[in-house]
Amino acid sequence: MTNKEVAEILRRIADMLEIKGEIVYKALAYRRAADNIEYLGRDIEDVWREGKLLEIPGVGKSLAEKLDELLRTGKMSFYEELKEEIPPGVVSLLQVPEVGPKTAKLVWEKLGITSIQELERAAREGKLRTLPGLGVKSEAKILAGIEAFYRRSERIPLATALPVAKELIKALKEATPHALKVTAAGSLRRMKATIGDIDLLASSHKPEEVIETFTRLPQVAEVSMKGPTKSTVFLHSGLQVDLRVLPPERYGSLLQYFTGSKEHNVALRGLALDMGLSLSEYGFKRGEEEILCPEEEDVYHTLGLEWIPPELRENRGEIEAAKEGRLPRLVELGDIRGDLHVHTNWSDGASSIEEIAEAARRRGYQYLVISDHSHGLGIAKGLTPERLKEQRAIIDELNRRWSDFRLLQGAEVEIRADGSLDYPDEILASLDLVIASIHTGLRQERERITARVINAMRNPYVDIIGHPSGRILGQREESAVDMDEVLRVAKETGTILEVNGTPDRLDLDDVYIRRAVEMGVKLAIDSDAHNLYGLDSLEFGVAMARRGWAEPKDVVNTLPLEELLKALKRNRHH
Ligand code: DGT
Ligand code: CA
Ligand code: CA
Ligand code: ZN
């Protein structure tokens, strides 16, 4: 058991004692012991093995006995009994700001409330105000507290969290000279599509001062926990940020530990144990001897592994690959030679063809595919075949301007509800590249929607399937499409699947990207930009592709123009 896990049990016991209405100092004693154990600086298990539990400040004879039972058996009967007495839902009420142990006990005993949902309902029905000691005002406060709690529990898109983290890192560095290195860790560093909370790490010879400065930053709305080496705060947006600070000589292990994922860490710890080492955020230990890791590489090298890119750290085979020296050379933004999916003001985009072409060229791209919507998508001002011809003339004209850059004409063709495509084949054939996507009828049942996508893939002029799952993060689940079948037919027909980098799409997601890579299905990483800023989104597509183990060879827009064109099935079959 880790110190943290033990501390969490003690804190939970303290909560339950308070709900029971035990004398205050008892709960306080458990909290103090919890803090001392968490920040002990060495493994509680080692202390226990040496029979020195009583030397931990705040741990008396009775608690030492309980800890001994816990560390020996994995269970503590005192805690188990409390759990029998107080339903877990009642303890969880304490997570709501404005709800303390007294209120939790009151609503549980008088109204039988055992969950936050039930508490919300009672508050909305005006039942709380009838309880002794509560009134209309406290009822409203509790309701606001519940809303704040829900806001905090929501996951936010990667693209929202990244700039917030960057800003905080900058602010912290400017506010104190004692923060030497400051880095984002956790799911943010692993570039997950959505982020639960932001984890920041700092190295410092004066951790306490860094924590102090951090909790006073103007971005911080509320400090929910503050200790000598760590703190948790809420920003005004309700976003939670954790900061942990250790001296530079331990920074590598700190960074490794808090980058996670938890599953990756569990596997690493197992590997360490096999080598007679214990691994924590403080470093390695072999018995009493400490092995410190100032750099993250040190952690992996000590275990005989290559350094593993954060995007891969999900315990999905990366540790075995690192051991055998066969980690993928992941695709990078710098490998991308062009964007295959952007919109202009010819359909629902904001910029002209010329503006977005120049912006793409300034990025160093060698090519850009203009892929406005087809006419069937009325809401997006889709192009009729006639307008498409006019657009071609403009693209041809612009192409005379550059020798180092090429504009291609594509289209994002709607896959209609009946499975047919929005342009006839001769129009599709006249384009340089065709993306087929579904924007309507996304709620169709599995067989029907899968048949639509497959029908599109069997068309010789459909090069790419756009945002294949149709998900919108936080708003719309992926469609019922049978992705395994889509992957199989993509392989068979040589159709490319898109990795759409739009922050609320990130579609395909990493799991399917990985399958595509394993099957040899090709990917296109696109921005789907609707304005000049939108071009930046390609970066998030790259992040997803990296999480899916994609190498440059798996991604068609890492190819030079001529090779890209050759890789399209239209040019292979015709
Ligand atoms: P999130 O915040 O839900 O998007 O996901 P993470 O991965 O950022 O998770 P978080 O913030 O709870 O913790 C950050 C990292 O710290 C996590 O990826 C691994 C490490 N960590 C946290 N708690 C534990 C734990 O109990 N055991 C282990 N092995 N690692 C932990
Ligand atoms: Ca996190
Ligand atoms: Ca966290
Ligand atoms: Zn699009």
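Bear in mind that the values here come from a model prediction, so they are computed numbers and not experimental data. (Residues numbered from 1 in each chain as written. Chains lettered and ligands numbered in written order. Predicted model: local features only at pLDDT ≥ 70, side-chain atom pairs only at ≥ 80, totals over all residues. Heavy atoms only, no water.)

Moving on to the layout of surface pockets. One number sums up the size of the largest pocket: a volume of about 1900 Å³. Looking at the largest pocket, it is lined by 48 residues, and the ones nearest its centre are Lys4, Glu8, Thr232, Gln240 and Asp242. Tallying contributions element by element places helix α1 (residues 3-20) first for the lining of the largest pocket, with six residues. Class assignment for the residues of the lining of the largest pocket results in eleven nonpolar, 15 polar and 22 charged. Taken as a whole, the second largest pocket spans an internal volume of roughly 640 Å³. Lining the second largest pocket are 32 residues; nearest its centre among them are Met1, Thr2, Asp43, Leu279 and Ser280. Secondary-structure elements contributing two or more residues to the lining of the second largest pocket are α1, α3 (44-49), β7 (240-246), α13 (251-259), α14 (262-274), β8 (278-280) and β9 (283-286). (1 Å grid on protein atoms, 1.4 Å probe; cavity = no way out; pocket = protein on both sides within 12 Å on 5 of 7 lines; lining within 4 Å. Points joined across faces, edges and corners; volume = space filled by probe spheres on them. Helix = DSSP H or I, 4+ residues; strand = E, 2+ residues; numbered from the N terminus. Nonpolar A, V, L, I, M, F, W, Y, C, P; charged D, E, K, R; others polar.)

One open sheet holds the five strands; their spatial order is β2-β4-β7-β6-β5, and the pairing between them is mixed. Of all strands in the sheet, those with a lone pairing partner are β2 (182-185) and β5 (220-226), marking the two edges. The average angle at which neighbouring strand axes cross in this sheet is 25 degrees, direction not considered. Looking at chain direction, β2 and strand β4 (residues 198-203) are connected through four bridges and run antiparallel. Bridge pairing in β4 links threonine 183 to leucine 201. Sitting on the sheet, helix α12 (residues 207-215) is in contact with β4, β5, β6 (230-235) and β7, with an inclination near 160 degrees to β7. (Pairing = 2+ DSSP bridges. Axes fitted to C-alpha atoms, helices over the stretch in contact; angles between N-to-C directions. Contact = heavy atoms within 4.5 Å.)

So, on to the site of ligand 1. The environment of ligand 1 is made up of 17 residues, and the closest members are Arg155, Ser187, Arg190, Gly196 and Asp197. Take arginine 155: an N or O atom from its side chain is 2.9 Å from an oxygen atom of ligand 1. Arginine 269 places a side-chain nitrogen or oxygen 3.1 Å from a nitrogen atom of ligand 1. Surface burial for ligand 1 is 80%, taken as the share of its 600 Å² of free accessible area covered by protein chains. Counting atoms within 2 Å of the grid points, the majority share of ligand 1 lands in the largest pocket. Contributing elements (two or more residues each) for the shell around ligand 1: α11 (186-189), α13 and α14. Broken down by class, the residue content of the shell around ligand 1 amounts to three nonpolar, seven polar and seven charged. No fewer than three residues from each of domain 2 (154-246) and domain 3 (252-327) sit in the shell around ligand 1. (Near = heavy atom within 4 Å. Polar contact = N/O pair within 3.5 Å; in protein donor to acceptor, adjacent residues only side chain to side chain. Areas by Shrake-Rupley, 256 points an atom, 1.4 Å probe, with all protein chains shown as cover. Sits in = over half its atoms within 2 Å of the grid points. Domains from an automatic or database assignment.)

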